[in-house]
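Analysis of the macromolecular model
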Amino acid sequence: MTPDPTDVGAFAPNSVAISGSEAGSLRGRTFVAKDLFSLKGHRSSFGHERWRATHVEASETSPILTCMLNAGADLVGLTKLDQLAYSLIGNVGEGSPPRNALDNRLFCGGSSSGSAAAVAAGLADIGLGTDTAGSIRVPAAACGLHSIRPSHGLINPDGVIPLAQSLDVVGIFGLHASIIADALRVLAPQTTSLVPPVGVKLAADVFDTADATTTSIGTAVAEAAASIMGVPFEEVEFGDFTSTDVGDLFARLQGREIWSNHGRWVEEHGSSLAHDVQSRLERCERLSRDPAEVKEQDHQERLRYAQTFTAAVEPGTVLVLPVMLEHGPMRAWDDEQLAQFRSGCFRLAAPSSLTGAPQAVFSVRRDGNPRTVGVGLLAAPGEDDRLLDLMVSLGDRGES
């Protein structure tokens, strides 16, 4: 029996459903889309009723939705998200937060909370969302899903409300890696030229900061990946790429772009937003007033970071690192615990977001607490196919 959609609260108010074409590679598949993709005649919420009330209906449909529909997939509905897509928790969107079908004690993760909730509950085969600082990766790990945050620019973002466009990508959820691969071929049909596989690296020092279950499962996935790829496995130091300083750089770059995109709207309507979202937006406004030389210094620091990353994660390499340092986000946590969780995930998301490199999440389900562990698989920019092929090969190992 198909679950009742109201059980998980995944869908945005005024959601719509559209049947796909009668033929195509995704015929018979269903999908949901975060309510920031434009759909002709529909007012996107961008996670907040005030946004919907102050914007007009879309005059065009996003090419992303059109591609999915033309490929035969049926749109089940448009899904909830955190306010302005600016959270990693999944608790500050319209109405009640979506329910995590994997574990009711957890929020779904944000900001693509509704899409993850719908796929985890079996309401759709494919979930579309966006990821700026982990908004695909964290919900995938929290809800026991596989996902990919593709290389920056691989999927054309036309018709998608931006948060910070130099960091934003459209990403995909699924219970099966093969379904994600099918959807990505529709949305980004160009082929990727791959160099031969070189090796699998485990970010050992980063895993040292995670809980024991995350570390043991991450190590097992890395060893299995090396075996499948027929390449050496090694443990490496990667903590410099996920440090507090890196997190601060990431936040400054993101914050200035957010204010450039939405500052005028926030000045008029920001008081209607959740307190923690308001607080972060206030910092965005302060960052926007930084002197030009400070902004240029951060730009140069990002370029240096990307150059160093290229040497650490060369083409042909898969680097394995955690998506979350511990299971969560728990509904019972207080504001301080949720903020600490967000900060940790934010730093772990930085390597992919700052460099445009693809990162997949391979979720391992298990009995006990936590019910699932999401393992991050990171590759050089343009090597999306390598990650998807690896996840498909790992597929029958996703139980522990």
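Counting from 1, residues in each chain are numbered in the order their sequence is written. In keeping with the predicted nature of the model, local features appear solely for residues at pLDDT of at least 70, side-chain atom pairs appear and are counted solely at 80 or more, and the whole-chain, interface and lining totals rest on all residues. With hydrogens and water excluded, all non-hydrogen atoms of the structure serve as input to the side-chain values.

1. Points about the overall build of the protein
We count it as follows: The helix and strand labels rest on DSSP assignments: H or I over at least four residues marks a helix, E over at least two residues marks a strand, and numbering proceeds from the N terminus. The globule rule used here is 2.2 Å times the number of residues to the 0.38 power, and the radius of gyration it is set against is calculated over C-alpha atoms. To sort residues, take the accessible area from a 1.4 Å probe on protein chains only and compare it with the maximum for the residue type: under 20% means buried, over 50% means exposed, and anything in between is partly exposed. It only takes one pair of heavy atoms within 4.5 Å for two residues to be counted as in contact.
Per the secondary structure count, the protein includes 12 helices and 10 strands. Against the 2.2 N^0.38 benchmark of 21 Å for 400 residues, the protein shows a C-alpha radius of gyration of 19 Å, consistent with a compact globule. Counting only C-alpha atoms, the protein reaches 55 × 55 × 40 Å along its principal axes. Going through the 400 residues of the protein one by one, you find that 58% of them count as buried. Expressed as a percentage of contacts within the protein between residues at least 6 apart in sequence, the contacts between residues at least 24 apart total 78%.

2. Here's the deal with the packing of helix H10 (residues 292–312) against helix H11 (residues 335–355)
The following threshold applies: Structural elements are reduced to axes, namely lines fitted to C-alpha atoms, with helices fitted over the stretch in contact, and the angle between N-to-C directions of any two is expressed from 0 to 180 degrees. Should an angle fall under 35 degrees it is taken as roughly parallel, and over 145 as roughly antiparallel, whereas 65 to 115 is taken as roughly perpendicular and any remaining angle as oblique. When residues are grouped by polarity, Ala, Val, Leu, Ile, Met, Phe, Trp, Tyr, Cys and Pro land in nonpolar, Asp, Glu, Lys and Arg in charged, and all others, Gly among them, in polar.
Between H10 and H11, the least distance of the axes is 10 Å, while the angle of their chain directions is 100°. Classed by the angle they form, the pair H10 and H11 counts as roughly perpendicular. Between H10 and H11, the residues in contact are Arg302, Tyr305, Ala306 and Phe309 and Ala350, Pro351, Ser353, Leu354 and Thr355, respectively. When its residues are assigned to classes, the contact of H10 with H11 shows 6 nonpolar, 2 polar and 1 charged.

3. Description of the pattern of salt bridges
We apply this condition: By salt bridge we mean one thing: a side-chain nitrogen of Lys or Arg within 4 Å of a carboxyl oxygen of Asp or Glu.
A full pass over the atoms with the stated rule returns 15 salt bridges. The partner of glutamate 22 in a salt bridge is arginine 27, with the nearest N and O atoms 3.2 Å apart. Owing to a relative accessible area of 65%, glutamate 22 belongs among the exposed residues under this scheme. Where aspartate 35 meets arginine 52, a salt bridge forms, and the shortest distance between an N and an O atom there is 3.9 Å. Of this pair, aspartate 35 sits in the loop between strand E1 (30–34) and helix H1 (49–53) while arginine 52 sits in helix H1, placing them 17 residues apart in sequence. Take aspartate 35 and arginine 52: they sit in the same class, and that class is buried. Salt bridges here are not isolated pairs; linked through shared partners, they connect Arg252, Arg256, Asp290 and Asp298.

4. Considering helix H7 (residues 212–229)
Since there are 3.6 residues in each turn of an α-helix, residues three or four apart along the chain are aligned in direction. Formally: One fewer than the residue count of a helix, multiplied by 1.5 Å, yields its expected span.
The end-to-end C-alpha distance of H7, which contains 18 residues, comes to 26 Å, matching closely the 26 Å that a straight helix rising 1.5 Å per residue would cover. All of the buried residues along H7 are Thr214, Ile217, Gly218, Thr219, Val221, Ala222, Ala224, Ala225, Ala226 and Met229. Positive backbone phi, at 70°, marks glycine 230, one or two positions downstream of H7.

5. A short note on the environment of leucine 377
Mapped onto the elements, leucine 377 comes out in strand E10 (residues 372–378). When the C-alpha atoms of leucine 377 and arginine 137 are compared, they prove to be 11 Å apart, with 240 residues separating the residues in sequence. Ignoring anything within four residues of it in the chain, the contact list for leucine 377 reads Val221, Val318, Leu319, Val320, Pro358, Gln359, Ala360, Phe362, Leu387, Leu390, Met391 and Leu394.

6. Regarding the packing of helix H5 (residues 177–187) against helix H12 (residues 384–394)
Where we set the bar: Crossings are assigned a handedness: left-handed for a near helix turned anticlockwise from the far helix by less than a right angle, right-handed for a clockwise turn.
Remark: H5 packs on H12, axes separated minimally by 8 Å, with the N-to-C direction vectors making an angle of 155°. On the basis of the axis angle, H5 is roughly antiparallel to H12. The hand of the H5/H12 crossing is left-handed. Residues Ala177, Ser178, Ile180, Ala181 and Leu184 of H5 lie in contact with H12, whose contacting residues are Asp384, Leu388, Met391 and Val392. For the contact of H5 with H12, the residue count by class is 7 nonpolar, 1 polar and 1 charged.

7. What to know about the sheet that holds strand E8 (residues 317–322)
Formally: Strand pairing requires that DSSP identify at least two bridges connecting the strands.
The sheet built from 10 strands is open, its strands ordered E2-E1-E3-E5-E4-E9-E10-E8-E6-E7 with mixed pairing. Whereas interior strands pair on both sides, the edge strands pair on one side only; in this sheet they are strand E2 (74–79) and strand E7 (233–236). Across this sheet, the average inter-strand angle for adjacent strands is 25°, counted without regard to direction. Sheet topology places strand E4 (residues 146–149) next to strand E9 (residues 359–365); 3 bridges connect them, and they run antiparallel.

8. What to know about the nonpolar core
Keep this limit in mind: Joining through side-chain atoms within 4.5 Å is the link that ties buried Ala, Val, Leu, Ile, Met, Phe, Trp, Tyr and Cys residues into a set, and such a set is a nonpolar core.
The biggest cluster of nonpolar side chains holds 131 residues, and the ones touching the most others in it are Leu128, Phe238 and Leu377. Ranked by residues supplied to this core, first place goes to helix H8 (residues 244–269) with 9 residues.

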